[in-house]
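Residue-level structural notes
Residues per chain are reported as follows:
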Amino acid sequence: MSKKAPGNTASRTGWPDVVQGLEDYLLYLRDEGVREVEADPEQVRRLSEPPVAPAPAEDATLADGLAGIAERVTACTLCPLHKSRTRTVPGQGSITPEIFFIGEGPGADEDRQGLAFVGRAGQLLTKIIEAMGLTREQVFIGNIVKCRPPGNRTPLPEEMQACLPYLREQIAILKPRVIVGLGATAVKGLLEVETGITRLRGRWMSYEGIDLMPTFHPAYLLRNPAGKREVWEDMKAVLARLGRTPPPRT
Ligand code: URA
């Protein structure tokens, strides 16, 4: 009798779990009287490879780089937005994200907490990320401007220009495989396009060689829930580009 060995589900950090799981499974089969298993030679070879997580020193460099940007943002007075802010909002998330979600600028909740996308729009963004089979901790979430524009107005071109170097540096450190531009301001800020988001969304663009998917801003979805269907199409395209499939919907 022969049984198929389970596939290698190794992740960046999951290598020891996989090896342990495989050993347990093989011992179970032996106890069941199985004397032979089929195994894909490529899977066996991959099991003998070390985990692919970045070396700790590399992680520390990335974290230091991001912390350095956050420190400079905290002290920033490059544009008038610093005068009315409560806290700066540099952005937060994984230091090795596959996806960087970029919005427009902090709102009242973000300004109070110093964290991006934690208000109502943020809660919807969390649902979108989770529907993609990911967590907020696995991605990076930030904005074009790091201080709240008064009354949540759209940031002015000169405010965006003053703040953009911080975002550019973040992108250069994080090296995401995909950027999701949430709303027209995010896309305009990065690519200086003037086209409206309704025409831009769903079409792949490129920022410094990184795939960029424009989609509707979650705050727009709160006002226009019908747009969620299109956003989901865009997020499925993002997942496909990453070689991922969305989890079954519950
Ligand atoms: N809207 C944004 O564009 N960014 C946030 O962080 C919150 C709301």
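In this numbering scheme, every chain counts its residues from 1 along its sequence in written order. For a predicted model such as this one, the threshold for reporting local features is a pLDDT of at least 70, and the threshold for listing and counting side-chain atom pairs is 80 or more; totals across whole chains, interfaces and linings nevertheless cover every residue. Only hydrogens and water are set aside; all other atoms, that is, all heavy atoms of the structure, feed into the side-chain values.

**Things to note about empty space enclosed by the protein**
Cut-off, in case you're wondering: Each cavity reported here is a set of points on a 1 Å grid over the protein atoms alone in which a 1.4 Å probe fits but cannot get out, each pocket an open set with protein on both sides within 12 Å along at least five of seven lines, and each lining residue one with an atom within 4 Å of a point. Grid points are joined across faces, edges and corners, and a volume is the space filled by probe spheres set on the points. In this text, helices come from DSSP runs of H or I with a minimum length of four residues, and strands from runs of E with a minimum of two, each type numbered from the N-terminal end. Ten residues, namely Ala, Val, Leu, Ile, Met, Phe, Trp, Tyr, Cys and Pro, are considered nonpolar, four, namely Asp, Glu, Lys and Arg, are considered charged, and the remaining ones, Gly among them, are considered polar.
Scanning the entire structure with this criterion turns up 2 cavities of 30 Å³ or more. Estimated volume of the largest cavity: approximately 100 Å³. Along the wall of the largest cavity there are 15 residues; nearest its centre are Cys76, Cys79, Cys147, Cys163 and Tyr166. With 4 residues, the single largest contributor to the lining of the largest cavity is helix H7 (residues 157-174). Here the lining of the largest cavity is composed, by residue class, of 10 nonpolar, 2 polar and 3 charged. Empty space within the second largest cavity amounts to approximately 30 Å³. Among the secondary structure elements, those contributing two or more residues to the lining of the second largest cavity are helix H6 (120-131), helix H10 (218-223) and helix H11 (228-241). Its residues placed into classes, the lining of the second largest cavity shows 8 nonpolar, 2 polar and no charged.

**So, the confidence of the model for the protein**
Let me state the cut-off plainly: One confidence number per residue, pLDDT, is output by the predictor and ranges from 0 to 100. Contacts are assigned to residue pairs that have any heavy atoms within 4.5 Å of one another.
When the pLDDT values of the protein are averaged, the result is 90; 87% of them are 70 or greater. Within the model, the stretch residues 1-14 combines pLDDT values under 50 with 28 contacts to residues more than four positions away or in other chains.

**Considering the packing of helix H3 (residues 56-74) against H7**
Keep this limit in mind: Convention adopted: a line fitted to C-alpha atoms gives each axis, helices being fitted over their contacting stretch, and angles between N-to-C directions are expressed from 0 to 180 degrees. Orientation is classified from the angle alone, with under 35 degrees giving roughly parallel, over 145 giving roughly antiparallel, 65 to 115 giving roughly perpendicular, and any other angle giving oblique.
Interaxial distance between H3 and H7 falls to 10 Å at its minimum, and their mutual angle equals 170°. Judged on the interaxial angle alone, H7 and H3 are roughly antiparallel. Here H3 contributes Leu62, Gly65, Leu66, Ile69, Arg72 and Val73 to the contact with H7, which in turn contributes Tyr166, Glu169, Gln170, Ile173 and Leu174. When grouped by side-chain class, the residues that make up the contact of H3 with H7 number 7 nonpolar, 2 polar and 2 charged.

**Brief notes about the sheet that holds strand E6 (residues 178-182)**
Defined as follows: Think of it this way: DSSP has to see at least two bridges between two strands before they count as a pair.
If you trace the 6 strands from one edge of the open sheet to the other, you get E3-E5-E4-E6-E8-E7, paired in mixed fashion. Of all the strands in the sheet, just strand E3 (92-93) and strand E7 (205-207) have a single pairing partner and so form its edges. The strands touched by helix H8 (residues 184-191) are strand E4 (99-103), E6, E7 and strand E8 (210-215); relative to E7, the strand with the most contacts, the crossing angle is about 55°. Its contacts with the sheet put H11 on E4, E6 and E8, and the angle it makes with E8 is roughly 165°.

**Here's the deal with the layout of surface pockets**
Put simply, the largest pocket is a space of about 600 Å³. In terms of lining, the largest pocket is formed by 28 residues, of which the most central are Glu104, Gly105, Ala121, His217 and Ala219. Elements that contribute at least two residues to the lining of the largest pocket include exactly helix H5 (108-113), H6, H8 and H10. Element by element, the count of residues in the lining of the largest pocket is highest for H10, at 4 residues.

**Regarding the site of the ligand**
Put simply, the test is: Think of it this way: one heavy atom of a residue within 4 Å of a molecule or strand is enough to make that residue near it. Polar contact is defined as a pair of N or O atoms within 3.5 Å, subject to the rule that within protein one atom must be able to donate a hydrogen and the other to accept it, and that residues adjacent in sequence are counted only when both atoms are side-chain atoms. More than half of a molecule's atoms lying within 2 Å of a cavity's or pocket's grid points is what places that molecule inside it.
Around the ligand, the neighbouring residues are Gly103, Glu104, Gly105, Glu110, Ala116, Phe117, Asn143 and His217. One of the backbone nitrogen or oxygen atoms of Glu104 is found 2.8 Å away from an oxygen atom of the ligand. The separation between an oxygen atom of the ligand and a polar main-chain atom of Phe117 is 2.9 Å. If you map the ligand onto the pockets, it falls in the largest pocket. When the residues that make up the shell around the ligand are grouped by side-chain class, the tally is 2 nonpolar, 4 polar and 2 charged.

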